[in-house]
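Below are the chains, spelled out letter by letter.
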Amino acid sequence: MAKALLGSAATLAMLGLSACGGGGSGGGVVSTPAPPVSAAPTTPTTPTTPAPTPPPPTTTAVNYDTAEYQYSNAPVISKAIAAYNAGATGKGVKAAVIDSGINPDMAELAGRIDPASRDVTFSGRALADESGHGSAVAAVIAAARDGKEIHGMAFDATIIALRADNAGSCTTTTGDNPGCKFSDGSIARGVDAAVAAGARVINLSLGGSTPGTTLLNAMARAVDAGTVIVISAGNDGKDATKGMTADAFAAVPASNFPKNVIIAGSIGVRDSSGVLVSTDQLSDFSNRAGSSANNFLGALGTGVRTINNNEQTVRYSGTSFSAPTISGAVALLASAFPNLTGAQIVEILFRSADDLGDTGTDAIFGRGRLNVERAFQPIGTLSVAGSSTPASGTGSDAPPAAGDASGTGLGAVILDGYSRAFAVDLARTLRSAPRSEPLRRAITGTVRAGGVGAGPLSVMMTVAERNDGKGFLLTQNGVGPEDLRKARLVAGSAVAKIDRKTALAFGFAEGAKAMERRLSGVSAGSFLIARDVAGTPGFDAARGSSMALRRDLGFAGLTVSGETGEVVNEQRTRAFGSPYRWTAATLDRRLGRTWLSVGYGRLEEERSLLGGRMDSLLGGGGAATNFLDLEARRTLGSGWSAGVTARRGWTRFAGGSFTTGAYAADLAADGLLTSDDRFGLRLSQPLRIDSGGFAMSLPTSFDYASMNPGFSIVRSSLVPQGRELDAEMSYGRRFLGTGWISGNLFARRQPGHIAAASADKGAALRISLDF
């Protein structure tokens with residue numbers, strides 16, 4: 001049974017095209033006439049469908065978005081530039097074209113026509129191409145990227161040209177059946193020759209009746225060898241009888257070998273002037289998917305620019321040219337991912353196709369339209385190469401001390417569900433900490449405080465309004481029964497003297513440093529924004545319980561303290577609610593008018609990292625931080641005093657380590673204007689990462705031969721560009737006997753350690769009255 005070519009040609013790029021009616025059942029179906037010798041214009045024109053914006057290169061600095069690429073409409077419409085930018089060009093891959101032969105002297109294929117190319121009929125002819133069809137099909141796959149006219153989908157691939165046309169058929173015209181004819185036996189020999197030569201894909205831009213046993217057996221051998229077979233769907237779309245399903249020459253192999261066969265339908269509709277107006281529709285000449293929908297894939301087949309056997313640039317239409325577009329995509333995948341089997345390549349192309357028509361697989365478009373860009377994106381479950389660590393985490397949250405640190409440069413290799421290796425920057429999953437708004441946090445809610453004392457024991461409680469009907473009855477602190485409905489305990493503390501040299505403090509919702517200061521008698525000042533840098537763990541925390549024990553050693557005071565709590569955020573992050581534990585030991589001593597303190601603290605976090613949180617990609621788990629705190633305060637006389645505080649931290653976590661620093665300088669005065677007023681001024685830098693970041697052993701290369709990654713230590717800085725500096729002035733005094741009024745002015749430079757952040761300035765006025 002004879003088979004025929006499925007394509008037609010146009011003389012000039014601006015002329016309209018008419019697809020021939022290929023396909024059919026029974027005896028042979030003839031091809032279209034040989035393409036004319038008139039060349040298309042040599043000056044590249046703007047494509048009728050705009051090319052997609054190329055993504056940034058990942059493995060090469062070559063610019064593939066050239067005029068030649070823009071003029072190559074099959075790669076453009078298929079978004080093949082994504083493959084080129086990923087380093088895939090078809091190099092090292094062989095694509096077999098069983099067709100009317102090829103011009104062996106084509107400059108566009110120079111050096112890339114495989115020595116196995118030959119005539120597979122028994123006519124003993126030299127390798128040539130009398131119709132031009134085979135040369136044009138091969139050029140769609142692999143025409144060179146040489147800056148001239150167009151290039152093929154896989155422009156570095158090697159072509160195995162297997163001439164299978166019946167002798168004399170391409171130059172003979174008889175009645176209604178002009179053009180090349182092919183026998184099953186010749187096609188079968190071509191399939192076997194392609195497999196023997198190492199073809200990863202076989203292109204059959206042919207149509208006609210059901211393949212016979214000889215040809216199906218040859219196809220079975222090709223499939224067993226892992227070869228992909230791409231077959232034209234047919235050009236009977238205008239025939240209501242034949243065009244509603246794929247041509248039998250394609251449909252039967254797809255039914256027999258569904259995992260390795262792709263049926264190529266033509267996408268693209270042009271107007272009367274020849275301009276491509278839609279790539280979302282099936283060409284009117286193309287057979288529909290019909291009963292072969294599961295193996296049907298559309299690609300540009302209307303006005304495809306290519307090179308004929310006379311080395312002229314022409315446009316062809318027909319499913320003969322959607323087939324090599326898809327074959328070129330197969331070659332690109334095979335060159336980029338040599339581990340893939342033929343069946344996996346077919347599955348990837350189907351899964352990544354653009355869904356057209358009815359949702360899912362349908363009887364018109366089958367699996368959809370070829371999309372090389374999506375085919376080159378990871379599919380399925382992702383994992384870090386060489387491990388079981390999933391690479392599809394929910395993202396990580398940077399600690400507030402990292403500010404605007406980009407954390408880029410953690411290059412690693414991940415594998416998708418097909419064990420394809422992709423290079424990614426894991427640090428791109430790192431989200432910056434949300435910007436804090438300390439003023440709102442400081443003044444939110446209606447707060448009331450009270451205290452009682454009994455001998456060596458003193459108790460202080462603070463409550464605030466709440467609207468959920470739950471609260472604490474603290475009548476001894478001025479909260480009456482009516483307040484039970486709307487009060488909640490904010491903080492509480494109890495200080496007890498055990499003996500003349502020993503005191504003990506317990507706190508609820510207050511930090512260990514606050515308990516320590518209660519025992520040492522050193523105040524941190526009344527500041528809303530410029531916080532006590534030694535009294536915070538470096539992030540917003542909901543304090544649980546705290547305790548401090550102080551002993552007078554004679555030469556100095558020793559305070560041992562601890563607290564527990566949870567990470568909180570104004571904008572909820574994955575670190576929210578993560579528990580932490582703090583322990584510290586501090587020595588302090590007074591030397592005349594100077595008070596000195598040195599302390600060591602350890603912060604242990606179960607799941608967080610200084611208030612951030614890393615997922616498994618960036619080490620996961622918790623962190624341990626050691627802090628050294630130095631503080632000095634001096635009484636200057638006339639009610640004035642000054643102090644400096646410095647903190648240095650060393651943090652280790654599963655993904656690396658870093659150092660941090662926080663600093664503050666204070667100036668205070670009691671009785672500045674009246675006998676019972678207080679003035680304060682503070683300049684501070686909140687905790688900030690000064691050096692270090694990630695240092696991880698990551699897979700940075702991948703060997704497809706052994707399927708093993710290569711590891712190296714990869715570093716990425718967490719040091720922010722910005723540096724927050726806080727300046728705050730406070731003044732408070734008594735009024736009306738028992739009342740207190742205070743005001744604060746503040747300014748934050750580069751808040752959150754974000755260099756681009758605008759300054760945060762504000763003021764607060766607080767008035768409290770006791771009745």
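Please read all numbers here as calculations on a predicted model, not as lab measurements.

Trainee: I'd love a proper account of the overall build of the chain, names of residues and values included.
Mentor: In terms of regular secondary structure, the chain is built from twelve helices and 35 strands. Relative to its 771 residues, the chain shows a buried fraction of 53%. The contacts of the chain with a sequence gap of at least 6 include a subset with a gap of at least 24, amounting to 69%. In the form shown here, the chain has an accessible surface area of approximately 31400 Å², with 54% of it arising from carbon and sulfur atoms.

Trainee: Outline helix H8 (residues 319-336), supporting the account with residue identities and numerical values.
Mentor: The first and last C-alpha atoms of H8 sit 26 Å apart over 18 residues, in line with the 26 Å expected at 1.5 Å per residue. The buried fraction of H8 amounts to 16 of the 18 residues, a majority that puts the element mostly inside the structure.

Trainee: Break down unusual backbone geometry for me, citing the residues and quoting the values.
Mentor: Its identity as a non-glycine residue notwithstanding, lysine 79 has a phi of 60°, on the positive side. Relative to the helices and strands, lysine 79 is located in the loop between helix H2 (73-78) and helix H3 (81-85). In the Ramachandran plot, glutamine 750 falls in the positive-phi region, its phi being about 45° despite a non-glycine side chain. In this fold, glutamine 750 is placed in the loop between strand S34 (739-749) and strand S35 (760-768).

Trainee: If you had to explain the confidence of the model for the chain to someone new, which residues and values would you point to?
Mentor: The predicted model of the chain has a mean per-residue pLDDT of 85, with 84% of residues at 70 or higher. Throughout residues 10-60 the model reports pLDDT below 50, and contacts reaching past four residues in sequence, or to other chains, amount to 124 contacts. Note on residues 445-449: pLDDT under 50 across the span, and 13 contacts to partners over four residues away in sequence or across chains.

Trainee: I'd like to hear about a nonpolar patch on the surface, residue by residue, with values.
Mentor: Among the surface-exposed residues, Leu553, Phe555, Leu587, Val598, Leu628, Leu630 and Trp650 lie close enough to one another that they form a single nonpolar patch of about 590 Å² accessible area. Checked against the element boundaries, phenylalanine 555 lands in the loop between strand S24 (541-552) and strand S25 (557-567).

Trainee: Describe the pattern of salt bridges, naming the residues involved and giving the relevant values.
Mentor: Using the criterion set out here, one finds 33 salt bridges in the structure. For lysine 94, the salt bridge goes to aspartate 114, with nearest N and O atoms at 3.1 Å. Of the two residues, lysine 94 sits in strand S3 (residues 94-99) while aspartate 114 sits in the loop between S3 and strand S4 (118-119), which places them 20 residues apart along the sequence. By relative accessible area, aspartate 114 is classed as buried at 10%.

Trainee: Give me the lowdown on the environment of glycine 198, citing residues and values where you can.
Mentor: Turning to its location among the elements, glycine 198 is positioned in the loop between helix H5 (184-196) and strand S7 (201-204). By relative accessible area, glycine 198 is classed as partly exposed at 41%. Separated by 38 residues in the primary sequence, glycine 198 and isoleucine 160 place their C-alpha atoms 9.2 Å from one another.

Trainee: Any details on the UniProt feature "active site" (unreviewed entry) in the chain? Residues and values, ideally.
Mentor: The UniProt record annotates "active site" (unreviewed entry) at Asp99, His133 and Ser320. For the residues just named, distributed over 222 residues, the greatest C-alpha separation is only 10.2 Å, placing them together at one site. Mapped onto the elements, histidine 133 comes out in helix H4 (residues 133-142). Secondary-structure assignment places serine 320 in helix H8. Looking at serine 320, the relative accessible area reads 0%, which means it is buried. Looking at serine 320, its side chain comes within polar contact range of the side chain of histidine 133, at 3.0 Å.

What counts, and where the lines are drawn
Residues numbered from 1 in each chain as written. Predicted model: local features only at pLDDT ≥ 70, side-chain atom pairs only at ≥ 80, totals over all residues. Heavy atoms only, no water. Helix = DSSP H or I, 4+ residues; strand = E, 2+ residues; numbered from the N terminus. Buried < 20%, exposed > 50% of the residue type's maximum accessible area, 1.4 Å probe, protein only. Contact = heavy atoms within 4.5 Å. Areas by Shrake-Rupley, 256 points an atom, 1.4 Å probe, with all protein chains shown as cover. Expected span 1.5 Å × (residues − 1). pLDDT = per-residue confidence, 0-100. Patch = residues over 30% accessible without salt bridge, like charges linked within 9 Å, V, L, I, M, F, W, Y side chains within 5 Å. Salt bridge = Lys/Arg side-chain N within 4 Å of Asp/Glu carboxyl O. UniProt positions renumbered as here; feature names shortened; annotations may be inferred. Polar contact = N/O pair within 3.5 Å; in protein donor to acceptor, adjacent residues only side chain to side chain.

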